[in-house]
Amino acid sequence: METGVSEGTAQRIGVPREIFPGEKRVATVPEVVEKLIKLGFKVAVEAGAGEQANFSDDTYRAAGAEIIEGAGALWAASDIVFKVRGPTTDEVGLLRQGGTLISFIWPAQNPELMQQLAAKKATVLAIDALPRMLSRAQKMDALTSMAGVTGYRAVIEAANAFGRFFNGQITAAGKVPPAKVFIAGAGVAGLAAIGTAAGLGAIVRANDTRAEVADQVTSLGGEFVKVDYEEEGGGGGGYAKVMSEGFQQAQREMYAKQAKEVDIIITTALIPGKPAPKLITADMVKTMKPGSVIVDMAAEQGGNCELTVPGEAVVRHGVTIVGYTDLASRLAKQSSTLYASNLFRLTEELCKTKDGIVNVNMEDDAIRGLTVTKEGSITWPAPAPKLPAAATAPAKPAAAPVAKKGGHGHGGGDSEPIAGNKLAIFFGVAAALFWLIGASAPPAFLGHFTVFVLACFVGYMVVWNVKPALHTPLMSVTNAISSIIAIGALVQISPIVGAASRPDSLITWVAGAGIVLTAINMFGGFAVTQRMLAMFRK
């Protein structure tokens, strides 16, 4: 698709300054400008667009962008507009007739904006409408990028409002207990918050309606708190679904218990196209300890706490409730860099020919999902993408016919257990062989041989019974312990300890050498293990 230009002419990407109150992000950064130019595009940036994210006009110029004074001139000169926030009514009026816009749109929440854009015959790609279940779309997933930033920033805001250390400390003035943090929702933002809070030394607990995230919570240093009600909450696309009333009641009881115990609550629960679910009631806030903090990351969609005031931090019943709606913007440079990278990856998909002209291919599931209006026609919501069929488990081969030997034997492959009669024959032959050796060997040999067999068996069992998951950090210890054969050597040498040496005794010399080598193995094993474990300590 070509927009507003003649065939073969490279299109210009325009990046205006964000005018939403408090918004500091910018839709592209200088290092991405260079990459867009290599795709064949021209890039224009409104003067001052990146200043609040610490990107000066000079850095854009150095990257090859044109700096244009004034929003009107920038919009008029741009075939494609990159934005962060959805356009205002005035900005829609500045958009070229038939132009292309790529930004956050939230079509379900902004039907009037959709009509205004359609009236401009615009082609609009809503970065928030990306089909997130497509693995190839992850590089374009700006929602995930921004969620990671907001989860991190939420913990920083909580630490700022909290009156104590996060980590426990023992000082000359007394002992400081670690902060207890509860995180409601373990999506991308929640997991980022868990990792950050755990890294600061807090005791972290988390809950989510999706049971599959429990392992992720644990791996980041948190404790997964399960609701005492069996119901799966996966809603597809990385979101949760609306749960049944029974589950919600059990969940409220669990939240009420956590509110009494923890110092900080961070809520992240959102359901696409719906107001944020109310998880923390006013009564729960009343039960929290004075000085506690709630950071409501769903404040822009109404909030997960009944007392949240979107855009503000307020104190209710001695609890600070942070309802900032610009958490990503509070890390503007990082957020802008990640967002610009997402838009560049999207542009690569739109311009595979690298000739500076976008092609909105409606046969591509990822592009189709993003496109909410196409040349003035509203195309949202998109049909469900065609996901690849799940791989089916190969059919098990038919069991081989049982070969009967004397009515008792069993045939089979190498994986089959040893048949009972074969095992009996094996032990019978071994016993006979052992009897022959014992009957013909010198009397001292049998004792030595018995010690040798027992030492090998004990060492083998010590190593074999260690769980495979522990082999990497603890294998050197288990190997050292397996040197139990040193006991056998001590048994051999002990009768002559303190007596005159017998250099003619081969057994004495072999036992002595065995003790030396085993001691080296044991002490070396413990030394290596301590070094390995030290790498995992903070």
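Quick look at the structure, then. Counting from 1, residues in each chain are numbered in the order their sequence is written. Only residues with pLDDT of at least 70 are given local features in this predicted model, and only at 80 or more are side-chain atom pairs given and counted; all residues enter the totals for whole chains, interfaces and linings. Water and hydrogen atoms were dropped before computing side-chain values, which therefore reflect all heavy atoms in the structure.

### Points about the side chain of R85
To keep it simple, the criterion reads: A run of H or I in DSSP becomes a helix once it reaches four residues, and a run of E becomes a strand once it reaches two; helices and strands are each numbered from the N terminus. Exposure is judged per residue with a 1.4 Å probe applied to protein chains only, and the accessible area is read against the type maximum: over 50% gives exposed, under 20% gives buried, and values in between give partly exposed. Two N or O atoms form a polar contact when they lie within 3.5 Å of each other; inside protein one atom must be a possible hydrogen donor and the other a possible acceptor, and for residues adjacent in sequence the pair counts only when both atoms belong to side chains. We call two residues in contact when some of their heavy atoms are within 4.5 Å.
Among the structural elements, R85 can be located in the loop between β4 (80-82) and α4 (89-94). Overall, R85 belongs to the buried group, its relative accessible area being 14%. In terms of polar contacts, R85 uses its side chain to reach the side chain of E23, at 2.8 Å. Excluding its chain neighbours within four sequence positions, the residues that come into contact with R85 are E18, F20, E23, R25, S103, F104, E300 and T325.

### Regarding the sheet that holds strand β2 (residues 42-46)
The condition that has to hold: Being paired, for any two strands, means DSSP has found at least two bridges between them.
The sheet built from eight strands is open, its strands ordered β3-β2-β1-β4-β5-β6-β18-β19 with mixed pairing. Each having just a single partner strand, β3 (66-68) and β19 (377-378) make up the two edges of the open sheet. As defined by bridge partners, β2 adjoins β3 across three bridges and the pair is classed as parallel. Across the sheet, A44 pairs through a bridge with E66, a residue of β3.

### Brief notes about helix α6 (residues 142-161)
Here is the rule: The span expected for a helix works out to 1.5 Å for each residue beyond the first.
Between its first and last C-alpha, α6 extends 28 Å over 20 residues, near the 28 Å set by a 1.5 Å rise per residue. Structurally, the start of α6 carries an N-cap: the backbone nitrogen of L143 is 3.3 Å from a side-chain oxygen of D141.

### Side note on the packing of α6 against helix α7 (residues 188-199)
The axes of two packed helices give the description: the angle between them and the distance between them. We apply this condition: What counts as an axis is a line fitted to C-alpha atoms, over the stretch in contact for a helix, and the angles between N-to-C directions run from 0 to 180 degrees. Helix crossings get a hand from a simple test, with the near helix turned counterclockwise from the far one by less than a right angle marking a left-handed crossing and a clockwise turn marking a right-handed one. Three classes are used: nonpolar for Ala, Val, Leu, Ile, Met, Phe, Trp, Tyr, Cys and Pro, charged for Asp, Glu, Lys and Arg, and polar for all others, with Gly counted as polar.
At a closest axis distance of 7 Å, the pairing of α6 and α7 adopts a crossing angle of 40°. Considering the relative orientation of α6 and α7, their crossing is right-handed. Here T144, A147, G148, T150, G151, Y152 and V155 of α6 lie close against α7, whose contacting residues are V188, A189, A192, A193, T196 and A197. In terms of residue class, the contact of α6 with α7 is built from eight nonpolar, five polar and no charged.

### Examining the packing of α6 against helix α11 (residues 332-350)
Applicable threshold: Oblique is the label for any angle not under 35 degrees, not over 145, and not in the 65 to 115 range, which are roughly parallel, roughly antiparallel and roughly perpendicular in turn.
In contact at an axis separation of 9 Å, α6 and α11 are set at 165° when each is read in the N-to-C sense. Relative to α11, α6 is oriented roughly antiparallel. When you trace α6 past α11, the crossing you get is right-handed. Packed against α6, whose contacting residues are A142, S145, M146 and V149, the element α11 presents Q334, S335, L338, Y339 and N342 at the interface. Here the contact of α6 with α11 is composed, by residue class, of five nonpolar, four polar and no charged.

### Points about the environment of A77
Relative to the helices and strands, A77 is located in the loop between α3 (71-76) and β4. Each C-alpha atom of the pair A77 and R96 lies 8.5 Å from the other, and the pair is 19 residues apart in sequence.

### Side note on the environment of I203
As for its placement among the helices and strands, I203 is situated in strand β10 (residues 203-207). I203 sits in the partly exposed class, given a relative accessible area of 38%. Sequence separation of I203 and A179 is 24 residues, and the distance between their C-alpha atoms is 6.1 Å. Discounting chain neighbours no more than four positions away, the residues touching I203 are P178, A179, K180 and V181.

### Some thoughts on the nonpolar core
Condition: Here, the term nonpolar core denotes a set of buried Ala, Val, Leu, Ile, Met, Phe, Trp, Tyr and Cys residues that are joined through side-chain atoms within 4.5 Å.
In terms of nonpolar packing, the biggest core is built from 48 residues, with F82, Y339 and L346 touching the most fellow members. Counting residues per element, the ones that place at least two in this core are β1 (12-15), α1 (30-38), β2, α2 (57-63), β4, α6, α11 and α12 (365-370). Ranked by residues supplied to this core, first place goes to α11 with seven residues. Those residues in contact with L346 that lie beyond four places of it in its chain are I102, L125, I127, M140, I367 and L370. Of all hydrophobic cores here, the second largest spans 28 residues; its members include V181, A186, A193 and A202.

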